[in-house]
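# Observations on the three-dimensional arrangement
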Amino acid sequence: MQPSENTVARALDALNFFLADVRDGLGPYLAIYLLTEQKWDEGSIGAVMSIAALAGIVAQTPAGALIDRSAAKRALMVSAAIVVTAACLTLPLIHRFEGVAATQALAAAAGSIFAPAVAAVTLGIVGPRAFARRTGRNEAFNHAGNAAAAAVAGGTAFYFGPIVVFWLLAAMAAASIFATLSIPPDAVDDDVARGLDRTSGASAGAHETPSGFQVLLTCRPLLIFAASTVAFHFANAAMLPLVGQKLALHHHGLGTTLMSVCIIAAQVVMVPVAMLVGRKADVWGRKPIFAAALAVLAIRGALYPLSENPYWLVSVQLLDGVGAGIFGALFPLVVADLTRGTGHFNISQGAIATAAGLGGALSTAVAGFIIVKAGYSAAFLFLATVAGAGLTGFCIMMPETLRLRSW
């Protein structure tokens, strides 16, 4: 018996909700934990976060290639969830820089599976015509899951300390594994999931096998989008950890709770933004929406230095909900546009995510260095300048990728 559409839709909803707290590991909570509990300086924190990000970079492209080739995408996600959770749960037992860096590098490498695997499973289930709307819904549930997890972490950390984040991660991982296994394996078309063009009505035999990889290397819009993605992540990756550090230093004992408030504020905004992108990306086009994400990111970086008041910082953090909400929903759509019919959708996601990860890894390291030398305001303004430069280049060089008429 074929699974009903409602059953599969609910399974995808649950997967994105519970996987939200697992796919990024400890995320910005790592900086708070190392700063307040293990008394590390900002430079060391930036270094360990950069090492973890670099491990994720190395794993991204092979992960995409594995997902393209594998028909066991659910098993890959389950295995990755177990590895991420195990790596993070051992962190409170480790105090040396080398050990912390190793566990977080392992978690980041395993976490590289999640985003392309979820996108592939989604594309394999709904096909290209419904992909934009379903991707927006995926991102909405992902952000709702992040908001819920941050609310629980913030409330419980106030009484029990930052350690509760580790146990919350384990609980979400267990739920994400159950949700993954609830997706019927026969609901996913593995050829469509890798970007083969079997639904376009092309002549028999067309687009039935993957094209050569040179088609990706010679696709100028794909390279421009990769560069724009690097700029976005370079400007964005360090901002939230820096806000968390700033709050922790000025409001001792409330760092984790205030970080949770920042995350919740942004995630609450991301939910409707992601839904809007999913509904309108096929109407407005991809380019103006992504340009808006870069513009909001530049504004956000320029506003942080204006005050150290926690209400101000949390208010500015709401803008993260706009930028990240747009990026999360739009990224797989643009890649699907540019790789449709090649059979390399997931490895292309991985390759561009590698570029994005490079930007993120450099972001935390460079920002940490700037803070040590010139302070937090200088770091925020530098990141805002990077976002502005990325916006300019994107608007000048990137074409519109929407190709609805060919569907």
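Residues numbered from 1 in each chain as written. Predicted model: local features only at pLDDT ≥ 70, side-chain atom pairs only at ≥ 80, totals over all residues. Heavy atoms only, no water.

## What about the packing of helix 16 (residues 345–374) against helix 17 (residues 376–397)?
For clarity, the threshold we go by: Angular values range over 0 to 180 degrees, each being the angle between N-to-C directions of two axes fitted as lines to C-alpha atoms, with helices fitted over their stretch in contact. Put simply, DSSP marks the helices as runs of H or I at least four residues long and the strands as runs of E at least two long, and each gets a number from the N terminus on. Relative orientations are named as follows: roughly parallel for angles under 35 degrees, roughly antiparallel for angles over 145 degrees, roughly perpendicular for angles from 65 to 115 degrees, and oblique for any other angle. Crossing handedness follows the turn of the near helix against the far one: under a right angle anticlockwise gives a left-handed crossing, and clockwise gives a right-handed one. A contact between two residues is defined here by any heavy atoms of the two lying within 4.5 Å.
Remark: helix 16 packs on helix 17, axes separated minimally by 7 Å, with the N-to-C direction vectors making an angle of 140°. One finds that helix 16 runs oblique with respect to helix 17. Considering only the axes of helix 16 and helix 17, their crossing is right-handed. Along the contact surface, helix 16 presents Ser363, Val366, Ala367, Ile370, Ile371 and Ala374, while helix 17 presents Tyr376, Ala378, Ala379, Phe382 and Leu383.

## A closer look at the environment of Arg194
Relative to the helices and strands, Arg194 resides in the loop between helix 9 (190–193) and helix 10 (214–217). Considered as a pair, Arg194 and Ser348 are 154 residues apart in the sequence and their alpha carbons are 9.9 Å apart.

## Here we look at a nonpolar patch on the surface
What counts, and what does not: For patch building, the residue pool is restricted to those with more than 30% relative accessible area and no salt bridge; the joining distance is 9 Å between like charges and 5 Å between nonpolar side chains (Val, Leu, Ile, Met, Phe, Trp, Tyr). Where accessible areas are quoted, they stem from the Shrake-Rupley method and a 1.4 Å probe; at the residue level, only the protein chains shown are allowed to cover. Each reported salt bridge corresponds to a side-chain nitrogen of Lys or Arg within 4 Å of a carboxyl oxygen of Asp or Glu. Burial here depends on accessible area, computed with a 1.4 Å probe over protein chains only, as a share of the maximum for the residue type. Under 20% is buried, over 50% is exposed, and the range in between is partly exposed.
A contiguous nonpolar surface patch, about 250 Å² in accessible area, is contributed by Leu54, Leu358 and Leu362. Structurally, Leu358 can be placed in helix 16. We classify Leu358 as partly exposed; its relative accessible area is 39%.

## Some words on the confidence of the model for the protein chain
The following threshold applies: Note on scores: pLDDT gives the predictor's confidence for each residue, bounded by 0 and 100.
Of all residues in the protein chain, 86% have pLDDT values of 70 or greater, and the mean over the chain is 80. Helix 10 is the least confidently modelled element of the protein chain, averaging 61 in pLDDT, while helix 14 (residues 287–303) averages 93, the highest of any element. Across residues 199–207 the pLDDT falls below 50, and counting only partners more than four positions away or on other chains, this stretch makes eight contacts in the model.

## Some words on the packing of aromatic side chains
Condition: Any Phe, Tyr or Trp ring, taking Trp's six-membered ring, that has another such ring centre within 6.5 Å forms a pair; planes under 30 degrees apart are called stacked, those over 60 apart edge-to-face, and the others tilted.
On inspection of all chains with the given rule, the structure shows eleven aromatic pairs. Ring centres of Phe234 and Phe382 lie 6.0 Å apart, and the angle between their planes is 70°; on these two criteria the pair is classed as edge-to-face. Within this pair, whereas Phe234 is found in helix 11 (residues 220–237), its partner Phe382 is found in helix 17, the two being separated by 148 residues in sequence. Centre to centre, the rings of Phe290 and Phe327 are 6.0 Å apart; their planes meet at 50°, and the pair counts as tilted. Of this pair, Phe290 sits in helix 14 while Phe327 sits in helix 15 (residues 310–339), and the two are 37 residues apart along the sequence. Overall, the relative accessible area of 10% leaves Phe327 in the buried class. Clustering of aromatic rings is evident, with ring pairs tying together Phe225, Phe232, Phe290, Phe327, Phe331 and Phe394.

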